[in-house]
Every structure is written in C-alpha cells, then in structure tokens.
Amino acid sequence: MGSPVSAAEDSLLRHRSFVAFWLARTCSSFGFQMFSVAVSWQIYALTHSAMALGMIGLMQFLPSVLLALPAGHLADQLDRRRIVLLGQCIEWLALLGLVALTLMNWAGKIEIWGLVFLISVAKALEWPAITSMLPALVPPPILARAMAASSVGGQAAVIIGPTLGGFLYVAGPDVVYGVSALFYLFSIVLVSRLRYERPPQARLPMNLPNLFAGVRFIRDRKDVLGVISLDLFAVLLGGATALLPIFAQDILHTGPWGLGILRGAPSVGALLVGVWLSRHKLEKNVGMIMFGSVAGFGVATLVFALSTQLWLSVIALAALGGFDMVSMVIRGALVQLDTPDDMRGRVNAVNAIFINTSNQLGEFESGLLAAWMGAVPAAAIGGIGTLIVVGVWMTIFPHLRKRQKLENETVV
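What comes next concerns the included structure.

The rules we used
Residues numbered from 1 in each chain as written. Predicted model: local features only at pLDDT ≥ 70, side-chain atom pairs only at ≥ 80, totals over all residues. Heavy atoms only, no water. Helix = DSSP H or I, 4+ residues; strand = E, 2+ residues; numbered from the N terminus. Rg over C-alpha atoms; globule rule 2.2 N^0.38 Å. Buried < 20%, exposed > 50% of the residue type's maximum accessible area, 1.4 Å probe, protein only. Polar contact = N/O pair within 3.5 Å; in protein donor to acceptor, adjacent residues only side chain to side chain. Contact = heavy atoms within 4.5 Å. Salt bridge = Lys/Arg side-chain N within 4 Å of Asp/Glu carboxyl O. Patch = residues over 30% accessible without salt bridge, like charges linked within 9 Å, V, L, I, M, F, W, Y side chains within 5 Å. Areas by Shrake-Rupley, 256 points an atom, 1.4 Å probe, with all protein chains shown as cover. Axes fitted to C-alpha atoms, helices over the stretch in contact; angles between N-to-C directions. Left-handed = near helix turned anticlockwise from the far one by under 90°. Nonpolar A, V, L, I, M, F, W, Y, C, P; charged D, E, K, R; others polar. Core = buried A, V, L, I, M, F, W, Y, C linked by side-chain atoms within 4.5 Å. Phe/Tyr/Trp six-rings, centres within 6.5 Å; stacked < 30°, edge-to-face > 60°.

**Regarding the overall build of the protein**
Right, on to step 1. When helices and strands are tallied, the protein shows 17 helices and 0 strands.
Right, on to step 2. Scaling as 2.2 N^0.38, a compact globule of 412 residues should have a C-alpha radius of gyration of about 22 Å, and the protein matches this with 20 Å.
Right, on to step 3. Overall, the protein is about 55 × 45 × 45 Å in size when its C-alpha atoms are taken along their principal axes.
Right, on to step 4. By the burial criterion, 57% of the 412 residues in the protein qualify as buried.

**A closer look at the side chain of R80**
Right, on to step 1. In this fold, R80 is placed in helix 4 (residues 80–103).
Right, on to step 2. R80 sits in the buried class, given a relative accessible area of 0%.
Right, on to step 3. Among the polar contacts listed, one links the side chain of R80 to the side chain of D76, at a separation of 3.0 Å.
Right, on to step 4. In this view, R80 contacts A75, A129, S132, M133, Y196, R198, D341, R344 and G345; residues no more than four positions away in its chain are not counted.

**Section: the pattern of salt bridges**
Right, on to step 1. Going through the model one piece at a time under the given rule, you end up with 8 salt bridges.
Right, on to step 2. Taking the shortest distance from any N to any O, the salt bridge between D76 and R346 comes out at 2.8 Å. With D76 in helix 3 (residues 50–77) and R346 in helix 15 (residues 344–373), the pair connects residues that are 270 residues apart, well separated along the chain. Summarising the burial analysis for this pair, D76 and R346 share the class buried.

**Describing a nonpolar patch on the surface**
Right, on to step 1. Residues L62, V65, L66, L67 and F117 make up a contiguous nonpolar surface patch of roughly 390 Å² in combined accessible area.
Right, on to step 2. Sort the elements by how many residues they give to the nonpolar patch and helix 3 lands first, with 4 residues.

**Describing the packing of helix 3 against helix 5 (residues 109–133)**
Right, on to step 1. Helix 5 packs onto helix 3 with a crossing angle of 30° between their chain directions and a minimal axis gap of 7 Å. Two packed elements cross with a definite hand, and for helix 3 against helix 5 that hand is right-handed.
Right, on to step 2. Residue composition of the contact of helix 3 with helix 5, grouped by class: 19 nonpolar, 4 polar and no charged.

**Topic: the environment of T241**
Right, on to step 1. Relative to the assigned elements, T241 resides in the loop between helix 10 (222–237) and helix 11 (244–251).
Right, on to step 2. Sequence separation between T241 and S187 is 54 residues; the distance between their C-alpha atoms is 26 Å.

**Topic: the nonpolar core**
Right, on to step 1. Ranked by internal contacts, the top residues of the largest apolar core, which has 60 residues, are F35, L95 and Y177.
Right, on to step 2. The biggest single contributor to this core is helix 2 (residues 16–47), with 10 residues.
Right, on to step 3. Residues contacting Y177, with those up to four places away along its chain left out, are F35, A38, V39, Q42, L95, L98, V99 and T102.
Right, on to step 4. Core analysis: the next-biggest nonpolar cluster, separate from the first, contains 59 residues, I130, A146, F397 and L400 among them.

**Regarding the environment of A352**
Right, on to step 1. Checked against the element boundaries, A352 lands in helix 15.
Right, on to step 2. Taking the C-alpha atoms as reference, A352 lies 9.4 Å from L69; in sequence the two are 283 residues apart.

**Comments concerning the packing of aromatic side chains**
Any pair of aromatic rings gets described here by the distance separating the centres and the angle formed by the planes.
Right, on to step 1. Counting across every chain of the model gives 7 aromatic pairs.
Right, on to step 2. Relative to F35, the ring of F32 has its centre 5.6 Å away and its plane inclined at 50°; by these criteria the two rings are tilted. Linking F32 with F35, this pair stays in helix 2, spanning 3 residues, or about one helical turn.
Right, on to step 3. The exposure class assigned to F32 is buried, which follows from its relative accessible area of 16%.
Right, on to step 4. Among the residues examined, F35 registers a relative accessible area of 2% and is labelled buried.

Below, the structure is given as structure tokens:
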C-alpha cells in the first residue's frame, strides 16, 4: 500500500503546497457560504416563495450535470491549476455583478437566478480539477487525513461565513456580496502562487468513449458505485437546508442572524468530527460506519423537521453535519485511492454528478415538496426517505456493507 512516511512527511503543515491549497479552499468557502446566505434571503424577501428558493437549487444543478463530463475531460488533459483559476475568476466577476445590480436596484429574481447560474457554470468547470489536485500535494499514506483536514478548513470557514453573512445582511445584500468577492480574490491569489506539478498528458479527443470513461470506471467498481449512489439518493431526500429561510422566518420566528446561525450549525458538527478524522485513521468497519452515518443524517433531518425551538434545530443541524463529514471522508478516500491520476478528472466529474449536484437537486425537490405540502412535511419525508434508502443500499451492496478498510480491497 505504499512506503511508510517519515515523521516530517506525516505532518500536513510541512507540505507547503497543501497549506496553500487549504487556505485557498477556505477562502473560497467563506465567499461561497456568505453568498449562499445572502442570495437565499434576498430571493425569499423578494418573492416569499418556496418555489423561488427551489429554483436556486435548480440553477446550480443544471450546469453541474451538463458540464461535468467535459470539465472532467479537460481536468485530465490540461493544467488543473489554470482551470481552477479560470473558474474562480468567473465566480468573482459574477459576485461583483450581484453587487452592482443590488446597488442599482436592478436585482430581480431573474437577474439573481442568472448570476447564480453563471457561478454554477464556473464551479462545474472548477470542481473536477481542484478535487484531482489534492492527491499530488501529499504522500498517498496520508491522503485520507489530508482530505479530512481540507474539509475541516472549509467547514471552519463556513461556521463563521454564514453567521457573518447573516449579520452583514443587515447592511444590505450588496455588502455580503462584496465581502464574498474579496474572499474569492484572496483564493485566486493563493491558487496562482500554488506549486503544482504534473507530467504532460497524452492528448485524447473529447469523444463519447473518453467522456464516459469515468462512468465505466465507477460502474466496474461496485463499492464506489454504491458509495456515490447512496449519497445521491440520501441527500436528494434529505435536502432540507434549502428550506432554512422558511424555517427561520415562519417556524422559528428569527431573522437573518438566525438564518446565519442555522446555516453554520452543520459545519460545527462537521468541524468537530473532521478534526478527529484528520488525526485518526479509520481502520476497520468503514462500510458499516458509513451506512450508520448516513442513517444518522436521516434521523437528524427528521428531528430538525419537527423542531419548533431554535436551540433544538441548531443541535439537529450540527449532528447532521457531523454525520455527513464521516460519510464524505469515507466516500472521498474510496474514490481517490482507487483511481489513477490520469483518470481522476473524469472520475471526479462523475462523482460530482452523483454527490455535489445531489445537494442542489435536493434543494429543488425540497422546495417543490414544500410548495405543495408545507416545509415541515417536506423535510420530515426527506428524513424518513433517507433511512429507507440506507436499508435498501445495505441489501443491494453487501460487499460495501462488509468493507473493512478505506484502502482498495479486491472483490472476489
């Protein structure tokens, strides 16, 4: 499984490129989470419509699906660092556009949806490249810890980011968008100075066989297929966070500051669990740990749906974030450790369709259900559905249920 690493190599802080990568992702996480609070509150203030909130998720979902495979192909063929820079520059310009539209009172729901869509196009382009960079920044034996540490950095940022965004919203959404743009600018500078080396790649045409190589790779590895499809259906059903503005205003009777706390609560749990995972290795029963954490995610969603107290809702969301962190680290390590570097862009692109876009599609589904039957029944149905999915997947993928280690295990 690779040669042992020295004490110096075992320290993540000694890998300067990883530290720069960590700081850049933390900054962009600050910017994106603050933007998310502002855009959802602004849309709901303009429309008071659950469907309008759900449309934000749809605007994020469509580019992630339509552009994922071409973006994955580009990430395997071109300079990944430059692709990340291009994507983040587009996101920065879109945030400046939101500032300008809001200041001039031209920000209607169509304009906001349009710029959310542009940001989503850039993130779809950026995602396969940035996720494929991490394995080259640290030795393979500490990759899982680096993934947990990277997630901790992002979660630490979004603990403060949504709360800060909620408080700054008092001064206006344009202020939130402006500060978000500043954080993206910091990230752009860090990525531009990041040392990332990769051997030249053989040029492959962007044809259907090459675009779908990642699909075939995942299909042939049943554990990976089970992991990412489990997350797709569980998060699709458990996407209650899209309804936070409704819960904050109509059920918990709080304001933008309360919405910010609710948005940040999942990151508190994720941070605590992620810190532990960055220091300890999951050595056995990783399959059952993952299934248990997804089930915990469903239970926490159900508790949040039924809560009428802010403190209980915050605790439920924190538990939800902690369970999701365990599942996310296991999923990510399985995919990265199983995939050769020349395939990572395309595999991570498919992974993005099944994992990252499930959050946005879940938001749309939650908004649709909430518009039909109300926010509380919509969130409760999502939590119950997640528990059902866990039971079904444990039956369909028995080898995944019995899997002991994160490292590749041969299926017989």
